[in-house]
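Secondary and tertiary structure notes
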Amino acid sequence: MAEKVLVVGSGGREHALAWKLAQSPQIQQVLVAPGNAGTASCGKISNSEVSVSNHAILAQFCKDHHVGLVVVGPEVPLAAGMVDDLTAAGVPCFGPSAKAAQLEASKSFSKAFMERHGIPTARYGSFTDPQEACRYIRTADFPALVVKASGLAAGKGVIVAPDQDEACQAVMDIMQDRAFGTAGETVVVEELLEGEEVSCLCFTDGSSVSPMPPAQDHKRLQDGDLGPNTGGMGAYCPTPQVSQQLLQQIRETVLQKTVDGMKEEGTPYVGVLYAGLMLTKQGPKVLEFNCRFGDPECQVLLPLLKSDLYEVILNTLNGKLVSTAPVWHQDSSAVTVVMASAGYPGSYKKGVEITGLSQVQDSGLQVFHAGTALKGGGVVSSGGRVLTVTAVGPSLETALQAANQGVAAIGFPGAVYRRDIGHRAIAHLNLHRGLTYKDSGVDIAAGNKLVDMIKPLAKATSRAGCNAELGGFAGLFDLKAAGFVDPILVSGTDGVGTKLKIAQACSQHGGLGQDLVAMCVNDVLAQGAEPLFFLDYFSCGSLDVDIAASVVGGVAKACEMAGCALLGGETAEMPGVYAPGEYDLAGFCVGAVERGALLPRLGDIAEGDLLIGLASSGVHSNGFSLVRKVLERANLSYSSPSPFGKSGQTVGEVLLTPTKIYSRLLLPILRSGAVKAYAHITGGGLLENIPRVLPRELAVDLDASRWSIPPVFSWLQKEGGLSEEEMTRTFNCGLGAVLVVAPLDAQRVLHQLQAHEEAWIVGSLAHKQQGSDPVVVRNLKHSLLNVGPASSGGEMGVEHNGGCHGNITIPRKRTRVAVLISGTGTNLQALIEQAKRPSSSAEIVVVISNRPGVQGLKRASLAGIQTRVVDHKLYGSRAEFDGTIDRVLGEFGVELVCLAGFMRILSGTFVKKWNGKLLNIHPSLLPSFKGVNAQKQALQAGVRVAGCTVHFVAEEVDAGAIVAQEAVPVLGSDTEESLSDRIREAEHRAFPAALELVASGAVRLGEDGHIMWTSSSQS
């Protein structure tokens, strides 16, 4: 539902906030209280007369008018606790708490805070006695010439004195003559710093910071930085004086340190943090903190914000800045010029008519109102700083020129304004106009932006063994944490060929990431390896961040699909090497396989073994140079309606169908031992790839009538006049992978594949005669002419030496099971043996341990089952640990979870989510003897019968509905140890039986928490 937002304040900053928020499609209305003439009635924006000084009234107003968010502009209501009061009343509010706002509200507090946390700032003293302040000024061993009223003084409470006498006079003016009222009851005397002054702001969610582009305010009234101090006469952004490296230093040493310090002191800072800095020869030092957007900095920052401000605020409030950082317009500058009343910052006349505003707006400039009001249908002045004119341009010079032209077009008699906003930056640019790396065509900032964009995507690929954190020199992977016992590493590298050309021509880049990952991951599978991590290489002539992010984002998503981590990569910008718009890709995958599970098993492969083919999605990523040549001959463009593929698709859309990734489907099957070899049908097609995994004495006999050939291959063969050999040596012809299996295992493997993917028995192996071809593909021409779905490979069989391996029935889908363990996994072994039975309804797809290196992981690995370690010691809370377990279960598509000696108590949230899908076994006949030491309890109670119980897990320990039980007699001679041994034997029978009942659907948990039987048997 569209949201209603209230902005508190009346200045140019608040007009800019309302203007930017109104651009959000998620916002229905923006109210501004009290607002000004510019926010009175402008599209979604209107003013409200609600009292903002009475927080209780304001909170009730928000509830009555369904205001979903309040954004506080000025510092005074923040320091007065508006955020605290509204939040307590249940009204979401953006800005820091009153305690956090002390960073601005009390300069004395701020300086002491910086001193405590080692944040660079000027040397200082804080005083409540004017005589002591003057003594400090005269005796300090540094120029103590900056005098500040400690409290809020509307941005005017700072005096930079030329000498000690005037500094002391400033103290007397503030403390004795009360020039700034109660704000001057305490003064801070600071060292006079030399350097360039800049404003560095950031969004912060209380833990992380997201810096905005650096800006520079102009405090002095007149050109050349002459005249009295004001609230600000203009600003520009970004500042060339602050390099990306310097901004990163400021982020780490000032912004992040401040947020960390506030959090450490129990006062988390959430909102906008503004650091006024002096760039000294010793590095940046903090002059002051503000607890909100600056005015006029806000008027140049928000026009450069590319992201939806409303979404940025929500992400800030919800602690999601790390994963969803705001995006800013690059290669643009913004300048705002303040128009003030004659006499400002002293006394001034109000009610002066202002004209020409609509014409300026129509020219593409933005006028943000401050001290304005409506009168007689027109706009008049009502304050000192009256309005700002903001322009955005490709350079600072062009933006300043446009802003000055806008100011000149506004009719405002007696207006005071500066014409040199940004003069320091322009001088800096002219002084440092030497060549830069960017001048040579390499944009480091764009590269850094790309890294920032893809960091959260890479983080999402984290898995057991690594956390996929980008930014280091190298990535780390812990094989032991991933559950490997005696692994061999397997690596592969590939690209996507000239499929790139089609993607670039169609401006469809996202699918290439999956192509790249698939080509590498599918290769390492040929050794039986589980893909562990992936590295990508993206090279171009000129970096287009959006295109690169689309490609690498596709890589990250594909890594999630494949179960491997995106551990790192390289972006290479090489001007002159590539034509505009062109780029190239390469990928690198590293996997691991237990030594005993290495493929191919050449010694086991024999004549008569069957070949199972897995469907491809189309051309995949090989042969595209030939595809493009055929298209050229057929006079077809990529935007032409496709003569192959689905109705309504273009040629480009069909050809860019991503390559299939087979790792999650195949790994459990490869580890089961039933597959002797696996061939990825990549470059070289059917003819060259299958022999790569076979003994030299064996030949391949394929029958193309046995599988479905996608229409694209039929069209290519016909339009290109391609021979059968050309087709089978260049393309996959509909088979993305081929497995070699013994005839006795073929049915079971085929059924497992067909539960998730199209698969067929496509041929067999025969003895290779001298001089004969290693691969023969029969019926290809006929199949290409008669493209259509093939019958199920299980039903048709494959003839070989007069035999027939057919009449295979399609089995029901097996339930995907995860087993959670903490130790030896003896019950796990019983479950594994049950799931291996051909008649079983269960398939154990993953074993998860909360402890690394335990015996149960070895049992699973030897059985060919994937393992994961989620070490509970590495998590700060039970919820975080359970959340990780839940993500792993989702990763493997788990439908049922068995707890086999899992020594962690699962949270109520986790149990509720998996209600009816969690099985546990307890060593007693429940409901007797719950909890620990059940056997000891039974012996102490003197019962004659003990046993074990398999039950659904409920939030109360050992209280879930009972699925199965087995009794064990208690002997007179029993000790706790002997009784435990016999109960354990019963568990090895009862747990597999219960697993089968639930996996088959014979037993389920009803909505009322009781067992429901769907078969007639209840034994």
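Preceding this section is the structure that the text describes.
So, a few notes on the structure that sits alongside this text.

Each value, and the rule that gives it
- Residues numbered from 1 in each chain as written.
- Predicted model: local features only at pLDDT ≥ 70, side-chain atom pairs only at ≥ 80, totals over all residues.
- Heavy atoms only, no water.
- Helix = DSSP H or I, 4+ residues; strand = E, 2+ residues; numbered from the N terminus.
- Buried < 20%, exposed > 50% of the residue type's maximum accessible area, 1.4 Å probe, protein only.
- Contact = heavy atoms within 4.5 Å.
- Areas by Shrake-Rupley, 256 points an atom, 1.4 Å probe, with all protein chains shown as cover.
- Lys, Arg positive; Asp, Glu negative; His and termini not counted.
- Charge placed at Lys NZ, Arg CZ, Asp CG, Glu CD.
- Core = buried A, V, L, I, M, F, W, Y, C linked by side-chain atoms within 4.5 Å.
- Patch = residues over 30% accessible without salt bridge, like charges linked within 9 Å, V, L, I, M, F, W, Y side chains within 5 Å.
- Salt bridge = Lys/Arg side-chain N within 4 Å of Asp/Glu carboxyl O.
- Pairing = 2+ DSSP bridges.
- Axes fitted to C-alpha atoms, helices over the stretch in contact; angles between N-to-C directions.
- Phe/Tyr/Trp six-rings, centres within 6.5 Å; stacked < 30°, edge-to-face > 60°.
- Parallel < 35°, antiparallel > 145°, perpendicular 65-115°, else oblique.
- Left-handed = near helix turned anticlockwise from the far one by under 90°.
- Nonpolar A, V, L, I, M, F, W, Y, C, P; charged D, E, K, R; others polar.
- Disulfide = S-S within 2.5 Å.
- Expected span 1.5 Å × (residues − 1).

A few points about the overall build of the chain
Within the chain, the regular secondary structure consists of 33 helices and 45 strands. C-alpha extents for the chain along the principal axes are approximately 110 × 90 × 55 Å. Put simply, the chain has 1019 residues, and 55% of those count as buried. Across the chain, the fraction of contacts at a sequence separation of at least 24, relative to all contacts at a separation of at least 6, is 73%. Carbon and sulfur atoms form 50% of the exposed surface of the chain, whose accessible area is close to 42400 Å². Taken together, the 85 basic and 100 acidic charged side chains of the chain have centroids lying 3 Å from each other.

Examining helix H21 (residues 663-671)
When you tally the buried positions in H21, you get 8 out of 9 residues, the bulk of the element. Among the residues of H21, those classed as buried are Ser 663, Leu 665, Leu 666, Leu 667, Pro 668, Ile 669, Leu 670 and Arg 671. Looking one or two places after H21, you find Gly 673, whose phi comes out positive at around 90 degrees.

Details of the nonpolar core
In terms of nonpolar packing, the biggest core is built from 85 residues, with Phe 534, Leu 655, Leu 702 and Trp 707 touching the most fellow members. A per-element tally of this core places helix H18 (residues 545-562) first, with 10 residues. Every residue in contact with Leu 655, bar those within four places of it in the chain, is listed here: Lys 499, Ile 502, Val 619, Phe 624, Val 627, Leu 631, Phe 644 and Val 712. With 45 residues, the next largest nonpolar core counts Ala 33, Val 67, Leu 78 and Phe 113 among its residues.

Quick notes on a positive patch on the surface
Together, Arg 851, Lys 873, Arg 878 and Arg 904 give the surface a local cluster of positive charge. Take Arg 851: it is sitting in the loop between strand S38 (842-849) and helix H29 (855-862). Residue Arg 851 is classed as partly exposed on the basis of its relative accessible area, which comes to 39%.

What to know about the environment of Val 943
By the secondary structure assignment, Val 943 is in the loop between helix H32 (934-941) and strand S42 (945-952). For the pair formed by Val 943 and Glu 697, sequence separation is 246 residues and the distance between their alpha carbons is 68 Å. Setting aside residues no more than four positions away along its own chain, Val 943 makes contact with Phe 929, Ala 938 and Val 970.

Concerning the sheet that holds strand S26 (residues 530-540)
Reading across the sheet, the 4 strands line up as S25-S28-S26-S27 and stay open at both edges, with mixed pairing between neighbours. Edge positions in the sheet fall to strand S25 (487-494) and strand S27 (565-573), since each has one partner strand and no second. Each adjacent strand pair in this sheet contributes to an overall mean axis angle of 15 degrees, direction not counted. Two strands pair when backbone bridges link them, and S25 and strand S28 (residues 583-594) are joined in this way by 8 bridges, in the antiparallel orientation.

Focus on the pattern of salt bridges
Counted under the stated rule, the structure contains 40 salt bridges. Residue Glu 104 is joined to Arg 292 by a salt bridge in which the shortest nitrogen-to-oxygen separation is 2.5 Å. Taken as a pair, Glu 104 in helix H5 (residues 102-105) and Arg 292 in the loop between strand S18 (283-290) and helix H10 (298-301) lie far apart in primary sequence, 188 residues in all. Its relative accessible area of 6% is what places Glu 104 among the buried residues. One salt bridge in this structure joins Lys 660 and Glu 757, with 2.8 Å as the shortest N-O distance. In this pair, Lys 660 sits in the loop between helix H20 (651-655) and H21 while Glu 757 sits in the loop between helix H25 (743-754) and strand S33 (759-767), placing the two residues 97 residues apart along the sequence. Judged by relative accessible area, which is 19%, Glu 757 ranks as buried. One salt-bridge network, held together by shared partners, links Glu 196, Asp 223, Asp 225, Arg 418, Asp 420 and Arg 424.

A word on the packing of aromatic side chains
Enumeration over the complete set of coordinates arrives at 10 aromatic pairs. Note on Phe 203 and Phe 293: the rings are 6.1 Å apart at their centroids and 80 degrees apart in plane angle, and the pair reads as edge-to-face. Linking Phe 203 in strand S11 (residues 196-205) with Phe 293 in the loop between S18 and H10, this pair joins segments that are 90 residues apart in sequence. By relative accessible area, which is 0% here, Phe 203 ends up buried. Overall, Phe 293 belongs to the buried group, its relative accessible area being 5%. On the numbers, 5.9 Å between centres and 55 degrees between planes, the contact of Phe 713 with Phe 731 is tilted. Here the residue Phe 713 occupies a position in helix H23 (residues 711-720), and Phe 731 occupies one in the loop between helix H24 (724-730) and strand S32 (735-741), the gap between them amounting to 18 residues. In terms of burial, Phe 713 and Phe 731 fall into one category: buried.

Remarks on the sheet that holds strand S23 (residues 378-381)
Here we have 3 strands laid out as an open sheet, ordered S20-S23-S22, and antiparallel in their pairing. For this open sheet the edge positions go to strand S20 (353-354) and strand S22 (372-375), each flanked by a neighbour on one side alone. Here S22 pairs with S23 via 4 bridges, running antiparallel. In the sheet register, Leu 374 faces S23, and the bridge partner there is Val 379.

With respect to the packing of helix H19 (residues 624-634) against H23
Between two packed helices, what matters for the description is the angle formed by their axes and the separation of those axes. Their axes nearest at 9 Å, the elements H19 and H23 cross at an angle of 60 degrees. By the criterion of interaxial angle, the relationship of H19 to H23 is oblique. Here H19 runs over H23; the crossing is left-handed. Of H23, the residues touching H19 (which contributes Val 627, Val 630, Leu 631, Arg 633 and Ala 634) are Trp 715, Leu 716, Glu 719 and Gly 720. For the contact of H19 with H23, a count of residues per class yields 6 nonpolar, 1 polar and 2 charged.

Brief notes about the packing of helix H28 (residues 826-836) against helix H33 (residues 976-999)
Closest axis-to-axis distance for the H28/H33 pair is 9 Å, and the angle between their directions is 45 degrees. The angle between the axes of H28 and H33 places the two elements in the oblique class. Relative to H33, the crossing made by H28 is right-handed. Between H28 and H33, the residues in contact are Thr 826, Asn 827, Ala 830, Leu 831 and Gln 834 and Arg 984, Glu 987, His 988, Phe 991, Pro 992, Leu 995 and Glu 996, respectively. Counted by class, the contact of H28 with H33 contains 5 nonpolar, 4 polar and 3 charged residues.

A short note on the pairing of strand S21 (residues 366-369)
The alternating pattern of S21 places Gln 366 and Phe 368 on one face and Val 367 and His 369 on the opposite face, and all of these are buried. Where S21 and strand S24 (residues 385-393) come together, 4 bridges link them in antiparallel fashion. Residue pairing in the sheet places Gln 366 in a bridge with Thr 390 of S24.

Quick look at the state of the cysteines
Here the structure, examined in full by the defined rule, presents 0 disulfides. Not engaged in a disulfide, the cysteine Cys 62 finds its nearest cysteine sulfur in Cys 93; these two sulfurs lie 8.1 Å apart. Judged by relative accessible area, Cys 62 falls into the buried class, the value being 1%. Counting only cysteine sulfurs, Cys 134 is the nearest neighbor of Cys 168, a cysteine outside any disulfide, at a range of 3.4 Å. When its relative accessible area of 7% is taken as the criterion, Cys 168 is described as buried.

Some points on the environment of Glu 570
Looking at the element boundaries, Glu 570 is found in strand S27. In sequence terms Glu 570 and Ala 586 are 16 residues apart; their C-alpha atoms lie 9.7 Å from each other.

Describing the pairing of strand S31 (residues 698-703)
Taken across its 6 residues, S31 has 6 buried, putting it largely inside the fold. Neither face of S31 is left uncovered, since the one carrying Leu 698, Val 700 and Leu 702 and the one carrying Ala 699, Asp 701 and Asp 703 both have all their residues buried. Of the strand pairs in this sheet, S31 and S33 are connected by 5 bridges, and their pairing is antiparallel. Paired with Asp 701 across the bridge in S33 is Ser 764.

So, helix H8 (residues 164-175)
Look at H8: 16 Å from first C-alpha to last across 12 residues, which is about the 16 Å you get at 1.5 Å a residue. Elements in contact with the buried residues of H8: strand S7 (124-127), helix H7 (130-139), strand S8 (146-149), strand S9 (158-160) and strand S10 (187-190).

A closer look at unusual backbone geometry
Here the bond from Ala 33 into Pro 34 is cis, since omega is 0 degrees, no more than 30 degrees from zero. In this structure, Pro 34 sits in strand S2 (residues 27-34). Note the cis peptide between Leu 599 and Pro 600, where omega equals -5 degrees. Relative to the assigned elements, Pro 600 resides in the loop between S28 and strand S29 (610-615). Here the phi dihedral of Asn 635 falls at roughly 60 degrees; this positive angle occurs in a residue that is not glycine. Along the polypeptide, Asn 635 turns up in the loop between H19 and H20.

Read these as geometric descriptors, not functional statements.
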